[in-house]
Amino acid sequence: MSRTLIVSDVDGTLLGDDAALVAFAGWFNQARDRVAIAYASGRSFDSVSASIANSQLPDPVAIIGNVGTQMQRYPGGEPIPDWPRAEPPTWSSGGVLETLLPLPRLEKQPEEFQSAFKVSFFLHDATAEELDEIRGALAAAGLFADLVYSSKRDLDILPRGANKGSAAAHLAQSLNVAPDNVIVCGDSGNDAAMFAHGFRGVIVANALPELKSLRSERAYLAEQTHAAGVLEGLKYWSV
Ligand SMILES: [Mg+2]
């Protein structure tokens, strides 16, 4: 049997219901010879590693951090080669800050959420027009960037093409797992990119409308929340 790779978001997807996570960890333990897991988070490698140490989250093979712009093996932290594929001078985190800080409603997130390949702001209840204006400002500054807006609050500016989805695809390729054997799991907008690579997926019941509105035969919408929803979805996909 070929190995299945689960690429799951952490906060709001596997974390959020401790009893369900215990059940998920128990399932994973008996499935670990045929299933590997990786985490894809908006948080950094160090921050997700701390959550693994402090919870029942199973040990992953790798962590995709900072919304897809960081990818390291777990637990050692060795970077997975050739990622991200940002090509200066079309991307510069300093340039993004310089361009967007003057905009009135954008509030820079704390330093721990910033990296060379991710610039993050708080922007509450952004309108489509506002997001277009931000895209326009970045383009006018010659920056090749993508916007990821989640939870009506978090605005991440990433190098164009680097997101949780392209990162999950790169990880699967580097682990020699065929796309048919990848299952992605999520609960919010920054997970949507993972559902755009032909993988099967699970959307937990507590997911935000921004992800639930994704209509795809390959995205199973669970009836249960958090880790229980993930487990339900994995069973639906006969993992
Ligand atoms: Mg989440």
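Residues numbered from 1 in each chain as written. Predicted model: local features only at pLDDT ≥ 70, side-chain atom pairs only at ≥ 80, totals over all residues. Heavy atoms only, no water.

Undergrad: Let's hear about the environment of S47: which residues, and what values?
TA: Along the chain, the position of S47 falls in helix α2 (residues 45–53). Residue classification places S47 among the partly exposed positions, given a relative accessible area of 25%. Along the primary structure S47 and G65 are separated by 18 residues, whereas in three dimensions their C-alpha atoms are 8.9 Å apart. (Helix = DSSP H or I, 4+ residues; strand = E, 2+ residues; numbered from the N terminus. Buried < 20%, exposed > 50% of the residue type's maximum accessible area, 1.4 Å probe, protein only.)

Undergrad: Any chance you could break down the domain arrangement of the protein chain for me, citing the residues and the numbers?
TA: Examined at the domain level, the protein chain breaks down into domain 1 (4–81 + 162–236) and domain 2 (93–159). Averaged C-alpha coordinates put domain 1 and domain 2 at centres separated by 25 Å. Contact with domain 1, which involves 11 residues of that partner, is made by 12 residues of domain 2. Of the roughly 830 Å² buried where domain 1 meets domain 2, counting both sides, 55% is carbon and sulfur surface. Contact with domain 2 buries surface across domain 1, with V67, T69 and A162 losing the most and accounting together for 43% of the total. (Domains from an automatic or database assignment. Contact = heavy atoms within 4.5 Å. Buried area = accessible area lost by both parts, 1.4 Å probe.)

Undergrad: Describe the packing of helix α1 (residues 18–31) against helix α7 (residues 226–236), listing the residues and the values that go with them.
TA: The interhelical angle for the contact between α1 and α7, taken along N-to-C directions, is 35°, at an axis separation of 7 Å. Contacts between α1 and α7 involve A20, L21, A23, F24 and W27 on the former and, on the latter, A227, A228, V230, L231, L234 and K235. Split by residue class, the contact of α1 with α7 holds 10 nonpolar, no polar and one charged. (Axes fitted to C-alpha atoms, helices over the stretch in contact; angles between N-to-C directions. Nonpolar A, V, L, I, M, F, W, Y, C, P; charged D, E, K, R; others polar.)

Undergrad: Break down the side chain of S8 for me, with residues and values.
TA: Relative to the assigned elements, S8 resides in strand β1 (residues 4–8). If near-sequence neighbours (up to four positions away) are discounted, S8 is found in contact with T13, L14, A38, Y39, A40 and C185.

Undergrad: Outline the side chain of T99, supporting the account with residue identities and numerical values.
TA: Within the fold, T99 resides in helix α3 (residues 93–100). Engagement of the side chain of T99 in a polar contact is seen with the backbone oxygen of G95, the distance being 2.6 Å. Apart from the residues within four sequence positions on either side, T99 is in contact with A137, L138, A141 and L143. (Polar contact = N/O pair within 3.5 Å; in protein donor to acceptor, adjacent residues only side chain to side chain.)

Undergrad: Which residues make up the sheet that holds strand β10 (residues 200–203), and what values do they have?
TA: Spatially, β4-β3-β2-β1-β9-β10-β11 is the arrangement adopted by the seven strands of the open sheet, whose pairing is mixed. Every other strand in the sheet has two partners, leaving β4 (70–73) and β11 (219–221) as the edge strands with one partner each. Strand-to-strand twist of the sheet, defined as the mean angle between neighbouring strand axes without regard to direction, takes the value 20°. Of the strand pairs in this sheet, β1 and strand β9 (residues 182–186) are connected by four bridges, and their pairing is parallel. Pairing of V7 across the sheet is with V184, part of β9. Strand contacts of α1: β1 and β2 (35–40), with the helix running at about 135° to β2, the strand carrying the most contacts. Contacting β2, β3 (62–65) and β4, α2 runs over the sheet at an angle of about 130° to β3. (Pairing = 2+ DSSP bridges.)

Undergrad: Run through α7, naming residues and quoting values.
TA: Counted residue by residue, α7 has eight buried out of 11 residues, so it is predominantly covered. Buried within α7 we find H226, A227, G229, V230, L231, E232, G233 and L234. At the C-terminal side of α7, S238 shows a positive phi close to 55°.

Undergrad: Requested: an account of the sheet that holds strand β7 (residues 145–150), with residues and values cited.
TA: Pairing within the open sheet is antiparallel, and its four strands lie in the order β5-β6-β8-β7. Each edge of the sheet is formed by a strand with only one pairing partner; in this case those strands are β5 (107–108) and β7. As judged from the six bridges shared by β7 and strand β8 (residues 154–159), these two strands associate in the antiparallel manner. Looking at β8, one finds that V148 is bridged to D156.

Undergrad: Can you explain α1? Please cite residues and give values.
TA: Along an α-helix, residues three or four positions apart point the same way, because every turn accommodates 3.6 residues. For α1, spanning 14 residues, the distance from its first C-alpha to its last is 20 Å, which sits close to the expected 20 Å at 1.5 Å a residue. Inspection of α1 places A20, L21, F24, A25, W27, F28 and A31 among the buried residues, and these make up the whole buried set. Seen end-on, α1 carries its buried residues on one side only, within an arc spanning 165°. With respect to the buried face of α1, the exposed residues turned more than 90 degrees away are D18 and A19. Those residues of α1 that are buried lie in contact with β1, β2 and α7. For α1, the side-chain oxygen to backbone nitrogen distance between the N-cap and A19 is 3.2 Å, and the N-cap itself is D17. (Expected span 1.5 Å × (residues − 1). Arc of directions from axis to C-beta.)

Undergrad: Would you mind going over the packing of aromatic side chains in detail, with residue names and values included?
TA: A complete count under the given rule lists four aromatic pairs for this structure. Between Y236 and W237 the ring centres are 4.9 Å apart and the planes differ by 80°, which places this aromatic pair in the edge-to-face class. The partly exposed category is assigned to Y236, whose relative accessible area is 47%. Through successive ring pairs, a cluster of aromatic residues spans Y220, Y236 and W237. (Phe/Tyr/Trp six-rings, centres within 6.5 Å; stacked < 30°, edge-to-face > 60°.)

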